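# Notes for the structure review
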Amino acid sequence: METIKNPPLDPLGDVPIHPTIAALPKADLHLHQQWSPRLDRVLARREGRASYDWRSWARRMMAETPPGSARLRRLGEIQPTPQDSYDHAEHFIAWVEDALEEAAADGAVLVEVRFGKEEVLRPGFMALFREAERRVQARHPALCAEAIVILMPWQTPELLARLLDACVSAARERDGLGGIDFLYQPYDAEADWEPMYRAAERVADAGLGITAHAGEFSTANIAAALRVPGLSRIGHAVYAARDPRLLDLLADSGATVECSLSCNVVLGAVPSYEEHPIRQFVEHGIPVALCADVPVQIATTIGREYALAHALGFTPADLLGFTANAIRASFTPPARKAALLAALDGRG
């Protein structure tokens, strides 16, 4: 009998979400703030207009641009809101609220939002973040949120020092900063990690969690990232699956992989969902957490990412395991983490 194969999953298509999957508690450890796309959505709702059509943009980008870093660079080409709208504190609260609300509506109980630019220098940064969390918790009481700052060591030494000081200070606040994400240049070739190792020692001493982007478009930097003092997570790492030595190194490190299925397919880190190494990671004993990454621009949500994993053959129990992995690897305080895990265990 001829085997009938299902067509490949559409990277930008609608994905049916089974009620069982929709009801699962979810977590997202790798969610960029996307300030302009999200603020555009907020303002569009207020003004009664359509927001920018990112799905169509993503289809054009995939058709016009070779897979890999060239697509990644295009993520910043369109800012649908005026640049001066970035500076308003209420706008900051609004776009963070939009990110948290979207995830919570899909069942997320934990979300960690990443902030680049120089957000941590914004006056009252953590207080504004917690106000956004408080507003969403009024509708979704189960939600917990944490903030992560992206450090880019190619920044000037003076700016990097200011950012490090601000991160350490924010970590000391009540309900303060959760962690640091290292992003570097060159991204798809071996970089100099010495500045990051020095910075990591300082932020780890301050009690901050540490993650790093690595292995999205090449095998470069995976081994170097895994040597970062205090690192417990790694973003993407898809190319580790192409090298048995790196796969073993990743497994032996105990680091959790922040797995962004749609981002990896849309930007071309992998050719399709079906060829994504998530199954390989799981079978190799590597903890995996599902993440949405840049959901506005690639037309996804954390709920859709769980549905895609289900379509790839992962069971509801597997998906619940991904949520547990995320909570255990999260940068949320121990008491919050224990409560989240207890609630998850209570479903059994």
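See the structure shown above.
What comes next concerns the included structure. Counting restarts for each chain: residues are numbered from 1 in the order of the written sequence. Only residues with pLDDT of at least 70 get local features here, since the model is predicted, and only at 80 or more are side-chain atom pairs given and counted; chain-wide, interface and lining totals rely on the full set of residues. Water and hydrogen atoms were dropped before computing side-chain values, which therefore reflect all heavy atoms in the structure.

### Quick notes on the pattern of salt bridges
Salt bridges are defined as contacts in which a side-chain nitrogen from Lys or Arg sits within 4 Å of a carboxyl oxygen from Asp or Glu. According to the stated counting rule, one finds 29 salt bridges in the structure shown. With a closest N to O distance of 2.9 Å, Glu-112 and Arg-233 form a salt bridge. With Glu-112 in strand S2 (residues 108-115) and Arg-233 in strand S6 (residues 231-236), the pair connects residues that are 121 residues apart, well separated along the chain. In this pair, the class of Glu-112 matches that of Arg-233, namely buried. Numbering of helices and strands starts at the N terminus; helices are DSSP runs of H or I of at least 4 residues and strands are runs of E of at least 2. Relative accessibility thresholds used throughout: buried, under 20% of the residue-type maximum; exposed, over 50%; partly exposed, between the two (1.4 Å probe, protein chains only).

### Details of the sheet that holds strand S1 (residues 26-32)
One key point about sheets: their strands pair by backbone hydrogen bonds, in either a parallel or an antiparallel sense. Each pair of strands is called paired provided DSSP finds at least two bridges between the two strands. The strand order across the open sheet formed by eight strands is S1-S2-S3-S4-S5-S6-S7-S8, and the pairing between neighbours is parallel. Looking at which strands have only one partner, the edges of the open sheet turn out to be S1 and strand S8 (288-290). Each adjacent strand pair in this sheet contributes to an overall mean axis angle of 25 degrees, direction not counted. Across four bridges, the pairing between strand S4 (residues 179-182) and strand S5 (residues 209-214) is parallel. To get an axis, a line is fitted to the C-alpha atoms, and for a helix only the part in contact is used. The angle between two axes follows their N-to-C directions and goes from 0 to 180 degrees.

### Comments concerning helix H14 (residues 302-311)
Among the ten residues of H14, eight are classified as buried, and the element is accordingly described as predominantly covered. If you check which residues of H14 are buried, you get Ile-302, Gly-303, Arg-304, Glu-305, Tyr-306, Ala-307, Leu-308 and Ala-309. In the stretch just after H14, Gly-313 is the one whose phi turns positive, near 110 degrees.

### Remarks on the pairing of S6
With five of six residues buried, S6 lies mostly within the body of the structure. Two strands pair when backbone bridges link them, and S5 and S6 are joined in this way by five bridges, in the parallel orientation. From the neighbouring strand, Ala-212 faces S6, where its bridge partner is Ile-234. Note that S6 and strand S7 (residues 256-259) share three bridges and pair parallel.

### Re the state of the cysteines
When two cysteine sulfur atoms lie within 2.5 Å, the pair is treated as a disulfide. Counting across every chain of the model gives zero disulfides. As a non-bridged cysteine, Cys-291 has Cys-259 as the owner of its nearest cysteine sulfur, 7.4 Å distant. Residue Cys-291 is classed as buried on the basis of its relative accessible area, which comes to 1%.

### Considering the packing of aromatic side chains
Any two rings among Phe, Tyr and Trp, with Trp reduced to its six-membered ring, count as a pair given centres within 6.5 Å; such a pair is stacked if its planes are under 30 degrees apart, edge-to-face if over 60, and tilted if neither. Following the criterion strictly, the structure yields 15 aromatic pairs and no others. Ring geometry for Trp-35 and Trp-95: centres 5.5 Å apart, planes at 50 degrees, overall tilted. In this pair, Trp-35 sits in helix H2 (residues 35-47) while Trp-95 sits in helix H5 (residues 89-105), placing the two residues 60 residues apart along the sequence. A relative accessible area of 7% means that Trp-35 is categorised as buried. On the numbers, 5.7 Å between centres and 50 degrees between planes, the contact of Tyr-184 with Tyr-187 is tilted. Here the two residues Tyr-184 and Tyr-187 agree in accessibility, since each one is buried. Here the aromatic cluster, defined as three or more aromatic residues joined through ring pairs, consists of Trp-35, Tyr-86, Phe-92, Trp-95, Phe-115, Phe-125 and Phe-129. In our convention, an over-ring charge means Lys NZ or Arg CZ found within 6 Å of a ring centre and within 35 degrees of that ring's normal. Over the ring of Tyr-86 we find Lys-117, and its NZ or CZ is 4.4 Å from the ring centre.

### Side note on the environment of Glu-275
With respect to the helices and strands, the residue Glu-275 is situated in the loop between helix H11 (261-266) and helix H12 (278-283). Each C-alpha atom, one on Glu-275 and one on Val-265, is 9.2 Å from the other, the two residues being ten residues apart in sequence.

### Comments concerning the packing of H14 against helix H15 (residues 316-329)
Closest axis-to-axis distance for the H14/H15 pair is 10 Å, and the angle between their directions is 135 degrees. It follows from the interaxial angle that H14 and H15 lie oblique. For the element pair H14 and H15, the recorded crossing hand is right-handed. Across from Tyr-306, Ala-309 and His-310 in H14, the residues of H15 making contact are Pro-316, Leu-319, Phe-322 and Thr-323. Here the term charged refers only to Asp, Glu, Lys and Arg, the term nonpolar to Ala, Val, Leu, Ile, Met, Phe, Trp, Tyr, Cys and Pro, and the term polar to all other amino acids, Gly among them. Partitioning the contact of H14 with H15 into residue classes produces five nonpolar, two polar and no charged. The cut-offs work like this: below 35 degrees is roughly parallel, past 145 is roughly antiparallel, 65 to 115 is roughly perpendicular, and the gaps in between are oblique. Crossings are classed by handedness, with left-handed meaning an anticlockwise turn of the near helix from the far one by less than a right angle and right-handed meaning a clockwise turn. Contact definition: two residues touch when any of their heavy atoms are within 4.5 Å.

### Details of the pairing of S7
The alternating pattern of S7 places Thr-256 and Glu-258 and Val-257 and Cys-259 on opposite faces, both of which are buried. Traced from S6 through helix H10 (residues 244-253) to S7, the parallel crossover comes out right-handed. Pairing geometry for S7 and S8, over three bridges, is parallel. Residue pairing in the sheet places Glu-258 in a bridge with Ala-289 of S8. With the strands aimed away from the viewer, a crossover counts as right-handed if its path from the first strand over the helix to the second runs clockwise.

### Section: the packing of H2 against H5
It is at 9 Å that the axes of H2 and H5 come closest, and there the two elements cross at 95 degrees. As summarised for this structure, H2 and H5 are arranged roughly perpendicular, according to the angle between their axes. Here Trp-35, Arg-38, Leu-39, Arg-41, Val-42, Leu-43, Arg-45 and Arg-46 of H2 come into contact with H5, specifically with His-91, Ala-94, Trp-95, Asp-98, Ala-99 and Glu-102. Counted by class, the contact of H2 with H5 contains seven nonpolar, one polar and six charged residues.

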